[in-house]
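Close look at the chain arrangement
Single-letter residue listing:
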Amino acid sequence: MSSYNNTARFSEARRVAIFGGTHGNEMSGVTLVNLWTKNGTEIQRKGVEAVPFITNPKAVEKCTRYVDTDLNRAFTPENLSAPGGNDLPYEVLRAQEINRIFGPKGSPEAYDVIFDLHNTTSNMGCTLILESSKDHFNLQMMNYIKKSMAPASCLVLMNEHPLLKYSTSRSVAKHPVGLEVGPQPQGVLRSNIFEAMRVILKHALDFIELFNEGVEFPPCTVEVFRVLEWIDYPRDANGNIIAMVHPNLQDCDWEPLNPGDPMFQTFDGKTIHYQGSGTVYPTFINEAAYYEKQQAFITTRRETLVASAIIKA
Ligand SMILES: CC(=O)N[C@@H](CC(=O)O)C(=O)O
Ligand SMILES: [Zn+2]
């Protein structure tokens, strides 16, 4: 029935979860998920079972990123199969529980789609985070969301770096999608950020409904920003930070950074310049949660991916 060569077929995306509170101090996702748990009318779609779920309730209660360890790094094969029960860190136990409910990760029983709602203190605007450039279902969803949001912008961060990719909560699903909206301080709710996240999710669920109804999505291209490297703050011999993000770079997420451009400013006023070999697009600039990870920002490269046509199998 398909009108295109190489149409990719995916089974219906009936089981969908919406995660909030993977980081307990990122308030848009926590608030939306709590709201939809009370009344799910807004997230209901024909032929879709959308489950709102608080992933790290202890961290939400304390309004911290995590209690023992970062839940959004915890979904490794080692953690998910670790014996030890109650001796394990809280988030490792919780990852196992989430994997039992929404996975198992990598199995046919896993949920079809998981949306994981995050906020950043960086000036990233609306960002969707993917883990695979080969998932044509997700690429088509990105195209649909971007078109639906226009003229407002919604960018796609492609995190499939062999070393820098991490084991996210959403990675339990067949099609993992991260939503990252900022700037919003930790523990704070801002109405513009909250509403932006809500609109992205509306379009995402509309896409799934259309797909499940049998709509065929024609081939398209999707602009993405591929993770290249993490850049740490300059440090002294004792490991203490000796410079801040340069004012020319601060809040300039997604704007080109060229070799020789100012990158950091030392406390005594010296400028440190970017030394890379070509233009990159920085993002997660001065993210509060990344100080402990020794990351000042990440660099990305702009790419255009081709998504094949998709239709329900
Ligand atoms: C600021 C923040 O928490 N960002 C998320 C990004 C993601 O969900 O991939 C994280 O590091 O887990
Ligand atoms: Zn987060």
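Residues numbered from 1 in each chain as written. Chains lettered and ligands numbered in written order. Predicted model: local features only at pLDDT ≥ 70, side-chain atom pairs only at ≥ 80, totals over all residues. Heavy atoms only, no water.

**Structural notes on the packing of aromatic side chains**
Rule in force here: Pairing of aromatic rings covers Phe, Tyr and Trp, the last counted by its six-membered ring, and requires centre-to-centre distances within 6.5 Å; plane angles under 30 degrees mean stacked, over 60 mean edge-to-face, and any other angle means tilted. Helix numbering and strand numbering both begin at the N terminus, where a helix is a DSSP run of H or I of at least 4 residues and a strand a DSSP run of E of at least 2. Burial status follows relative accessibility: with a 1.4 Å probe on protein chains alone, a residue under 20% of its type maximum counts as buried, one over 50% as exposed, and anything between as partly exposed.
Going through the model one piece at a time under the given rule, you end up with 17 aromatic pairs. Relative to Phe 102, the ring of Phe 53 lies with its centre 4.9 Å away and its plane at 70 degrees, an arrangement referred to as edge-to-face. Taken together, the residues span a long stretch of sequence, with Phe 53 in strand 3 (residues 49-54) and Phe 102 in helix 4 (residues 90-102) at a distance of 49 residues. For the pair formed by Phe 53 and Phe 102, the shared burial category is buried. On the numbers, 4.9 Å between centres and 70 degrees between planes, the contact of Phe 102 with Tyr 111 is edge-to-face.

**Side note on the coordination of the zinc ion (ligand 2)**
Let me state the cut-off plainly: Sodium, potassium and calcium take a 3.2 Å donor cutoff, other metals 2.8 Å, and in both cases only N, O and S atoms count; water is not among them, so sites may look incomplete.
The protein atoms that coordinate the zinc ion (ligand 2) are His 23 (ND1), Glu 26 (OE), Glu 26 (OE) and His 118 (ND1), at distances of 2.0 to 2.4 Å. Look at where the donors of the zinc ion (ligand 2) fall in the sequence and you get H-x2-E-x91-H. Of the two residues, His 23 is situated in the loop between strand 2 (15-20) and helix 1 (27-38) and His 118 in strand 4 (residues 113-119); the sequence distance between them amounts to 95 residues. Taken as a pair, His 23 and His 118 share a single burial class, namely buried.

So far we have only geometry, and geometry alone does not tell us how the molecule works.
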